[in-house]
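Observations on chain architecture
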Amino acid sequence: MTVRIQPDEDRPAGTDTAPDTADPSTPSTPDTPAKPSTAAATGTSTDAPTPPREAPRTHRRPEPNGDHRPEPHPNHRPATPQTAPHDNHPAAAGPQPRDNHPADHRTRPHESPGTGTPARVDVPVRAAGAPPAAGAPHPLRTESLRGFTPWAAAALLLALGWPLAATAAQWQGSWGGTTDRLSTAAGLIAVPFGLAAGAWQGGRERRRRMTELRAASPRTPLAQFLTAALPLACALAAAYLVVVAGALLACAPYVSAGGPVPAVFAGDALSIAACTVLGQVAGRVMPWRLTAPALAICGYVLAAGGVGSSGLTHLAPASLHLVGDGDLPVWWYPLVSALWTAGLAAAAVLARSARRRVTALLPLAAASAAAVLLVHTGDGMLRDNPLAHRQVCDDSTTPHVCVNATRPDLLPEAVRVLSGVTSRLKGVQNVPVRFEDLPRRPREDEAELPMLTPLGWWSVRGKVNDPEQYARQGAVNLVRRECEEAPSARRVQVTDGAVLRWLAPDSAGKDDRERAVASARERGDTKELATLRAEDRACARLAALTDDERRSWLGRYFATAHACDPDANEVPSL
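Residues numbered from 1 in each chain as written. Predicted model: local features only at pLDDT ≥ 70, side-chain atom pairs only at ≥ 80, totals over all residues. Heavy atoms only, no water.

1. Section: the overall build of the protein chain
- Along the protein chain, the regular secondary structure elements total 18 helices and 10 strands.
- The buried share of the protein chain, taken over its 574 residues, is 37%.
- Counted over contacts in the protein chain with a minimum sequence separation of 6, partners at least 24 positions apart contribute 74%.
- For the protein chain, the computed accessible surface area is about 32800 Å², with 58% contributed by carbon and sulfur atoms. (Helix = DSSP H or I, 4+ residues; strand = E, 2+ residues; numbered from the N terminus. Buried < 20%, exposed > 50% of the residue type's maximum accessible area, 1.4 Å probe, protein only. Contact = heavy atoms within 4.5 Å. Areas by Shrake-Rupley, 256 points an atom, 1.4 Å probe, with all protein chains shown as cover.)

Below is the structure:
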């Protein structure tokens with residue numbers, strides 16, 4: 001216990017003086033009688049004892065051992081303790097230890113109270129690179145939720161989502177079209193954006209003059225770089241995957257064959273993250289404000305095929321281009337493409353921030369091997385889709401209606417639109433067996449199905465855009481195939497026109513004929529006017545025939561419909 005001597009000026013009246021400062025001539029034994037007070041010695045009497053003067057109150061703070069110690073008055077000057085002339089209490093037996101500490105001394109936590117002997121205290125010390133104490137936010141969390149990272153992810157989400165939503169009619173209903181559109185958006189938008197965003201954030205330390213602060217940090221340069229780079233790279237890759245998930249969900253209700261290739265989207269996301277890290281390295285090496293737009297332009301030119309038709313175009317990140325559902329990527333392409341960009345980014349990071357920069361040679365070798373494989377393979381990274389060489393048919397019509405097996409959901413719509421043509425040909429001989437939809441020329445007993453793709457032109461979300469025009473195109477494919485030279489006989493042309501108008505009448509064709517007649521009259525083309533009038537008369541005679549007569553006549557007509565330039569005598573006339 002620490003014993004402290006309180007001067008007389010701060011001591012209440014009637015209290016004892018410190019025994020260790022008393023006069024040595026005065027005995028300090030318990031048997032010594034108390035001296036009479038001054039009032040008693042002078043013979044002065046009072047009716048009531050005079051209360052002692054109240055000393056100023058002080059706040060008592062607890063000592064480390066539980067006792068309380070008074071706080072000295074702000075204006076108090078330490079004085080040498082004096083022996084009180086009158087002591088009404090006996091002194092304590094034996095000498096007391098003197099406290100040599102100043103009045104404002106406080107016992108330190110690492111000292112034993114009263115002795116000044118240092119005590120052993122275990123203070124936890126956090127090593128460099130160790131996680132922060134409980135309650136402190138992790139640096140990765142801070143970088144992910146504050147500053148530039150969330151704004152960059154939101155901007156990329158908007159930049160990818162808006163054009164995809166605006167062109168949804170061109171890819172909804174086709175897994176190949178959706179994959180191609182997402183991969184193209186990743187290469188043309190996300191990769192240049194990641195390069196620019198990484199470069200902009202990579203140069204912020206020098207722009208904000210934080211280089212010395214970074215150098216004084218206990219973390220290694222590699223840990224500092226990854227702490228700043230990984231949140232942005234992961235955020236941009238996550239934004240792309242969110243857009244991918246939304247596009248696949250929007251496509252699923254309108255497609256019924258095949259499926260997406262998740263490895264392609266995973267490789268694109270990894271390429272976006274790797275390009276973001278590459279931008280970070282470039283931003284730290286060249287911390288200029290023009291570095292970010294320059295990298296964005298270079299990334300866009302590379303993705304758009306700015307290096308020409310050489311094999312270097314296949315080195316562009318996310319450079320997969322599918323044409324509809326006819327092709328599929330080989331299984332190893334997404335892995336090799338991601339290895340190329342990720343290895344290049346890892347090599348740049350290790351060469352910049354690692355303690356042993358020689359470790360950058362390993363990822364650089366992996367990236368070089370992937371690049372050689374991509375350039376050497378070229379267009380061989382795509383293979384034929386087995387479904388594209390099969391078709392699904394409806395045998396209840398004449399002719400049968402078949403659609404490609406990659407889009408069987410469009411078969412009911414094609415049957416419905418062509419029902420006007422097929423119902424008029426029921427029971428007719430020599431008509432083509434089917435409308436085929438395969439990547440080849442139709443056989444002699446087949447007619448080509450009018451195009452349903454590319455999506456957005458002829459069909460949107462499982463529906464044909466212009467049913468009348470689609471049916472007319474189907475009738476054209478039945479009447480006369482496309483030939484290099486049109487039939488020379490005027491009578492054959494008139495017959496073909498009459499059959500076509502009877503199979504697929506449409507209001508647009510009627511308007512076209514009226515405009516053609518008016519134009520021929522203005523030009524004074526009597527030959528063209530005669531052909532149009534003959535076609536009108538032939539169509540009227542065909543419509544006036546009975547059902548049996550019409551079926552018989554159409555059977556003789558379709559027997560010669562496969563010839564491009566038939567003899568006029570072989571074609572029946574009306």
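Now that the structure is up, let's keep going.
2. Examining the pairing of strand S6 (residues 400-404)
- For S6, the tally of buried residues reaches four of five residues, placing the bulk of the element in the interior.
- Relative to S6, strand S5 (residues 391-394) runs antiparallel, the two being bridged by four bridges. Paired with Asp394 across the two strands is Val401, which belongs to S6.
- Connecting S5 to the antiparallel partner S6 that follows it, the hairpin turn spans five residues.
- When S6 meets strand S7 (residues 434-436), the two strands line up parallel, connected through two bridges. Residue Val401 lies in a different strand from S7, and its bridge partner there is Phe435. (Pairing = 2+ DSSP bridges.)

3. Points about the packing of helix H4 (residues 175-202) against helix H9 (residues 291-303)
- Orientation of H4 relative to H9, taken along the N-to-C sense of each, is 155 degrees, at an axis distance of 8 Å. One way to sum up the angle between H4 and H9 is to call them roughly antiparallel. In this structure, the crossing between H4 and H9 has a hand that is right-handed. Two secondary-structure elements touch here, H4 through Gly187, Leu188, Pro192, Leu195, Ala196, Ala199 and Trp200 and H9 through Thr291, Ala292, Leu295, Ala296, Gly299, Tyr300 and Ala303. (Axes fitted to C-alpha atoms, helices over the stretch in contact; angles between N-to-C directions. Parallel < 35°, antiparallel > 145°, perpendicular 65-115°, else oblique. Left-handed = near helix turned anticlockwise from the far one by under 90°.)

4. Details of the side chain of Ser174
- Its location among the elements puts Ser174 in the loop between helix H3 (148-166) and H4.
- Owing to a relative accessible area of 6%, Ser174 belongs among the buried residues under this scheme.
- A polar contact of 2.8 Å, which involves the side chain of Ser174, links it to the side chain of Asp325.
- Beyond its immediate sequence surroundings of up to four residues, Ser174 is in contact with Cys251, Val255, Gly324, Asp325 and Leu455. (Polar contact = N/O pair within 3.5 Å; in protein donor to acceptor, adjacent residues only side chain to side chain.)

5. Considering a positive patch on the surface
- On the surface, Arg490, Arg521, Lys527, Arg533, Arg537 and Arg541 cluster together into a patch of positive charge.
- No other element matches helix H17 (residues 526-544), which puts four residues into the positive patch.
- Here Arg521 is to be found in helix H16 (residues 507-523). (Patch = residues over 30% accessible without salt bridge, like charges linked within 9 Å, V, L, I, M, F, W, Y side chains within 5 Å. Salt bridge = Lys/Arg side-chain N within 4 Å of Asp/Glu carboxyl O. Lys, Arg positive; Asp, Glu negative; His and termini not counted. Charge placed at Lys NZ, Arg CZ, Asp CG, Glu CD.)

6. Some thoughts on the pattern of salt bridges
- In the structure shown here, the tally under the stated rule is 11 salt bridges.
- Of the charged contacts, one joins Arg434 and Glu446 as a salt bridge, the two residues approaching to 2.7 Å between their closest N and O atoms. Of this pair, Arg434 sits in strand S7 while Glu446 is found in strand S8 (residues 446-448), placing the two residues 12 residues apart along the sequence.
- Overall, the relative accessible area of 2% leaves Glu446 in the buried class.

7. A word on helix H18 (residues 547-558)
- For H18, with 12 residues, the first-to-last C-alpha span of 16 Å sits near the 16 Å given by 1.5 Å per residue.
- When we look at burial in H18, the residues that qualify are Arg550, Trp553, Leu554, Gly555, Tyr557 and Phe558.
- Buried residues along H18 sit against helix H14 (467-479), helix H15 (490-503) and H17. (Expected span 1.5 Å × (residues − 1).)

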